[in-house]
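Residue strings, one per chain:
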Amino acid sequence: MTETTKNILDVKDLSVGFQVRGRQLKAIRNVSLQLHDQETLAIVGESGSGKSVLTKTFTGMLESNGAITHGTIDYDGKRLSDLKKDKEWIGIRGKEIATIFQDPMTSLDPIKTIGSQIAEVVVKHQKKSKAEAKKIAIDLMARTGIPNAAARYNEYPFEYSGGMRQRIVIAIALACHPKVLICDEPTTALDVTIQAQILELIKELQKEYKFTTIFITHDLGVVASIADRIAVMYSGEIIEVGTCDEIFYNPRHPYTWSLLSSLPQLAARGGELYSIPGTPPSLYKDIKGDAFAPRNPYAMKIDFEEEPPMFKVSDTHYAKTWLLDPRAPKVDKPSLIQDLHKRFLEMQDQQSTMDFEMGGDAVVIK
Amino acid sequence: MSSNKDVLLSLKDLEISFGEGKNKFVAVKDVNFDIYRGETFALVGESGSGKTTIGRSILGITPTSKGDIVFNGKKINSNKLNAEDRKEVTRKIQMIFQDPQASLNERATIDYIISEGLINFHLFKNEKDRLEKVTNMIESVGLLPEHLYRYPHEFSGGQRQRIGIARALIMEPELIVADEPISALDVSIRAQVLNLLKKFQREDNLTYLFIAHDLSVVRFISDRIAVIHNGQILELAETEELFTNPLHPYTKALLSAVPIPDPELARQKKLLVYDINAHHYETDKPKFVEVKPGHFVWANGEEEAYYHAVLQEMHKKEVENN
């Protein structure tokens, strides 16, 4: 985390609704969130928890049947929640706040060359000439790890592998030097080895270009290496937010406990894997009490009656659960996720043989 | 893992190629492994490594160009297989697909989707018997009988995957080829589907060929793991052996890429990248060698000697530690 906790983006009490066949679907409910300058904030949640919808409001890219129904988003002195027309978003979307999407196969234009797709952005946003733009584009390609960038400038997306395409998508996003980079599940469609390389790349580029990253994922395992802070979302709400260490080592919300417990790394072989019973609530209905209560083995009577407030655990750590109320009985997190660090340390010791010096047959990067 | 090592499926010198002459592309070569009855055998590799191709050739969807696939003592990858045997194999080897959104017929009811195999093979006495079988099946995958009359679009991804499992299991197969059955699912749903697969294995002594790219899940579910890269099996060992003593540099690179869900350790982690040019196979040709009982590596003479030395060193360390 950066020492200067300057907020670059400030979300207050945001609610988003969608009109679906005459019914109102409440995708985001009263979310407040601050984004610190140059940090990496991970937003974790299952599909349908609203993590993508939330970040779409930052670039005005909600589907046409969706709208902000309540609350504000402030960025750099501008009130983003008041912007309506595409015209008003010029200069912010793409230029200041850029997004990388999950699927690198569909986010590139298949009939344009790779190079022209990067150069086009440079010409439009930085007002450079075509020749200059080409130079910048090749430079960006090289920086995102495309070997022989100049030669590959004129190739088409189908000639690139999935990992390479994702590098190009990152290059396009960085072409305008955005202040905020939203990565919406950027590695879900990729192989593990490529995933690790892309995460590494985003970290390096962040140091170099000094942007702030919002990292959306459903996989807690991925964020441990990259996030400074983590916000956990459940059915349209942020239910817990804290630093990476706080969320992993001192989680307070039962839903966060469940998410950690379902990590396959924690399961004993041959045993059962922990799974969360039930399904998330329907977002068409008004939710009474704590949204997670019906699936929560620790739920108390009040969880079904009244919505819990955000309780403060530390200056950086907040959780929305009645368990933190002074009147609540003291409940420890499940034994499965206690001493998380110690257990992974033991597991790693078993695997320490991996670090055994292997005569240079595997190259260590970084 | 079953104690009596009864080989259910055996692949011998398998090669699968596409195209002919100049355009010939060998997708999979020199594949040798046995799958024992009742175990979960995982085939792990990146996209394009040929893992799905092997799975499809076992089902007879993709023709093979060399080698044998032997199932229950019978060679099944030949045209000479008579119609009855072919039918038998079709029933006994079933597949679960990766994408639950694409693998169910959108225009058929769940009842039809699950019972299609029964109908094709006349595996029921009368309508009542069929309905009973389907109802039992849908309940055992954790859905309700009333779901039978709905259509796939009414279900979530996890529920659809359960329907895919029900469709495979109602045929009472011996071998199930599960091609990335959970990669399209959410973390919490993943656990449900994996537990379900395990449950059926315990109850029916099913054998799984589990095709995946995610080693963390594979570690939990499988007895033995084969690592495949560019159509070549590079290493094969029991799960714990592979995780504690990975030998091939590619296996190590793959293991190093698995995310560690622990912030402190994740920050210290070193990422290894596999360099295929590090091998010197010009004169000293590699083969699939057993460097330790049950632990196979694709290596040439020089590498084999080196791996032996490494394993000895490891063994010494282990003895010292105890």
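All values reported here derive from a predicted model rather than from experimental measurement.

Let's shift gears to the overall build of chain A. Of the regular secondary structure elements, chain A holds 11 helices and 13 strands. Here chain A has a C-alpha radius of gyration of 22 Å; the compact-globule value for 366 residues is 21 Å, and the two agree. Principal axes of the C-alpha set define a box for chain A whose edges measure 70 × 60 × 40 Å. Residues classed as buried in chain A amount to 52% of the 366 residues present. Summarising the internal contacts of chain A: among those between residues at least 6 apart in sequence, 65% fall at separations of at least 24.

Looking now at the sheet that holds strand β4 (residues 66-71) of chain B. Residues and elements named next belong to chain B. Judged by pairing direction, the sheet is antiparallel, and its 4 strands sit side by side in the order β2-β1-β4-β5 without closing on themselves. Because the sheet does not close on itself, it has two edges, and the strands there are β2 (25-36) and β5 (74-75). Sheet topology note: the strand β1 (residues 7-18)/β2 ladder contains 8 bridges and is antiparallel. Within the sheet, the bridge partner assigned to Leu9 lies in β2 and is Ile35. Helix α1 (residues 51-59) contacts β1, β2 and β4 of the sheet and is inclined by roughly 115° relative to β1.

Residues and elements named next belong to chain B. Where burial is concerned, most of strand β13 (residues 295-299) is hidden: 4 out of the 5 residues are buried. As paired strands, strand β10 (residues 232-238) and β13 are joined by 2 bridges and run antiparallel to one another. Looking across to β13, one finds that Leu236 is bridged to Phe296. Pairing geometry for strand β12 (residues 287-292) and β13, over 5 bridges, is antiparallel. Paired with Phe288 across the strands is Trp298, a residue of β13. Counting the residues in the hairpin turn of β12 and β13 gives 2 residues, including Gly294, whose phi is positive at 85°.

Of all hydrophobic cores here, the largest spans 72 residues; its most connected members are A:Ile118, A:Met141, A:Ile168, A:Phe215, A:Val223, A:Ile230 and A:Phe248. Broken down by element, the residue count for this core peaks at 8 residues, all from helix α6 (residues 162-174) of chain A. Setting aside residues up to four positions removed in sequence, A:Phe248 forms contacts with A:Leu220, A:Val223, A:Ala224, A:Ile230, A:Leu260, A:Leu340, B:Pro261, B:Asp262 and B:Pro263.

So, about the environment of B:Ala166. Residues and elements named next belong to chain B. Assignment of secondary structure puts Ala166 in helix α5 (residues 157-169). Accessibility expressed as a relative area gives 0% for Ala166, which makes it buried. Note: C-alpha distance between Ala166 and Met137 (29 residues apart in sequence) is 6.0 Å. In contact with Ala166, not counting residues within four places along its chain, are Ile114, Met137 and Val141.

What follows concerns the interface of chain A and chain B. Counting residues at the interface gives 55 residues for chain A and 56 residues for chain B. Counting every contact that joins chain A to chain B gives 1 salt bridge. Counting across the chain A and chain B interface gives 9 residue pairs in polar contact (both at pLDDT 80 or more). Taken together, the elements giving at least two residues each to the side of chain A that touches chain B come down to α7 (192-209), α8 (220-223), α9 (244-249), α11 (340-350) and β13 (362-365) of chain A. Its residues placed into classes, the side of chain A that touches chain B shows 27 nonpolar, 19 polar and 9 charged.

What follows deals with the UniProt feature "domain: ABC transporter" (unreviewed entry) in chain A. Under the UniProt annotation, the feature "domain: ABC transporter" (unreviewed entry) is placed at residues 9-260 of chain A. The distance from the first to the last C-alpha atom of residues 9-260 of chain A is 28 Å, and the span holds 35% helix and 28% strand.

For the rest of this paragraph, the subject is unusual backbone geometry. Residues and elements named next belong to chain A. Its identity as a non-glycine residue notwithstanding, Gln38 has a phi of 65°, on the positive side. Tracing the sequence through the fold places Gln38 in the loop between β2 (23-36) and β3 (40-44). Since its relative accessible area comes to 32%, Gln38 is described here as partly exposed. Positive phi outside glycine occurs at Asn148, with the angle close to 60°. Position of Asn148 relative to the elements: it lies in the loop between α4 (130-143) and α5 (149-152).

Residues and elements named next belong to chain A. Between its terminal C-alpha atoms α7 stretches 25 Å, which fits the 26 Å expected from 18 residues at 1.5 Å a residue. Along α7, the residues classified as buried are Val192, Thr193, Gln195, Ala196, Ile198, Leu199, Glu200, Leu201, Ile202, Leu205, Gln206 and Tyr209. Lys210, located one to two residues past α7, shows a positive phi value of around 55°.

One pass over the full model with this rule turns up 36 salt bridges over all chains. Between A:Lys51 and A:Glu185 there is a salt bridge, and its shortest N-O distance comes to 3.8 Å. A residue pair is termed long-range when its members are at least 10 positions apart, and A:Lys51 in helix α1 (residues 51-56) and A:Glu185 in the loop between β7 (180-184) and α7 qualify at 134 residues. Note that A:Lys312 and A:Asp315 form a salt bridge whose closest N and O atoms lie 3.0 Å from each other. Here the salt bridges share partners, and the residues they tie into one network are B:Asp6, B:Arg37, B:Glu88, B:Lys92 and B:Glu174.

Rules of the game
Throughout, a residue's number is its position along its own chain's written sequence, starting from 1. The naming scheme follows written order: chains are lettered A onward, ligands numbered 1 onward. This being a predicted model, a pLDDT of at least 70 is required before a residue's local features are given, and a value of 80 or more before pairs of side-chain atoms are given or counted; all residues contribute to the totals for chains, interfaces and linings. Water and hydrogen atoms play no part in the side-chain values, which are based on all heavy atoms of the structure. Only runs of H or I of at least four residues qualify as helices and only runs of E of at least two qualify as strands under DSSP, and these elements are numbered from the N terminus. For the radius of gyration, the atoms used are the C-alpha atoms, and the globule rule reads 2.2 Å times the number of residues raised to 0.38. Remark: exposure states derive from per-residue accessible area (1.4 Å probe, protein chains only) relative to the maximum for the residue type, with buried under 20%, exposed over 50%, and partly exposed in between. Two residues qualify as a contact provided that any one of their heavy atoms is within 4.5 Å of a heavy atom in the partner residue. Two strands make a pair as long as DSSP finds a minimum of two bridges between them. Each axis is a line fitted through C-alpha atoms, and for a helix only the stretch in contact is used; angles between axes span 0 to 180 degrees, taken between their N-to-C directions. We define a nonpolar core as any set of buried Ala, Val, Leu, Ile, Met, Phe, Trp, Tyr and Cys residues linked to one another through side-chain atoms lying within 4.5 Å. By definition here, a salt bridge exists when the distance from a side-chain nitrogen of Lys or Arg to a carboxyl oxygen of Asp or Glu is within 4 Å. Any pair of N or O atoms that falls within 3.5 Å is considered a polar contact. Within protein, one atom must be able to donate a hydrogen and the other to accept it, and sequence-neighbouring residues count only if both atoms are side-chain atoms. Gly is put with the polar residues, along with every residue not named as nonpolar or charged; the nonpolar set is Ala, Val, Leu, Ile, Met, Phe, Trp, Tyr, Cys and Pro, and the charged set is Asp, Glu, Lys and Arg. UniProt positions are given in the numbering used here, feature names are shortened, and annotations may be inferred rather than shown by experiment. To estimate how far a helix should extend, the number of its residues minus one is multiplied by 1.5 Å.

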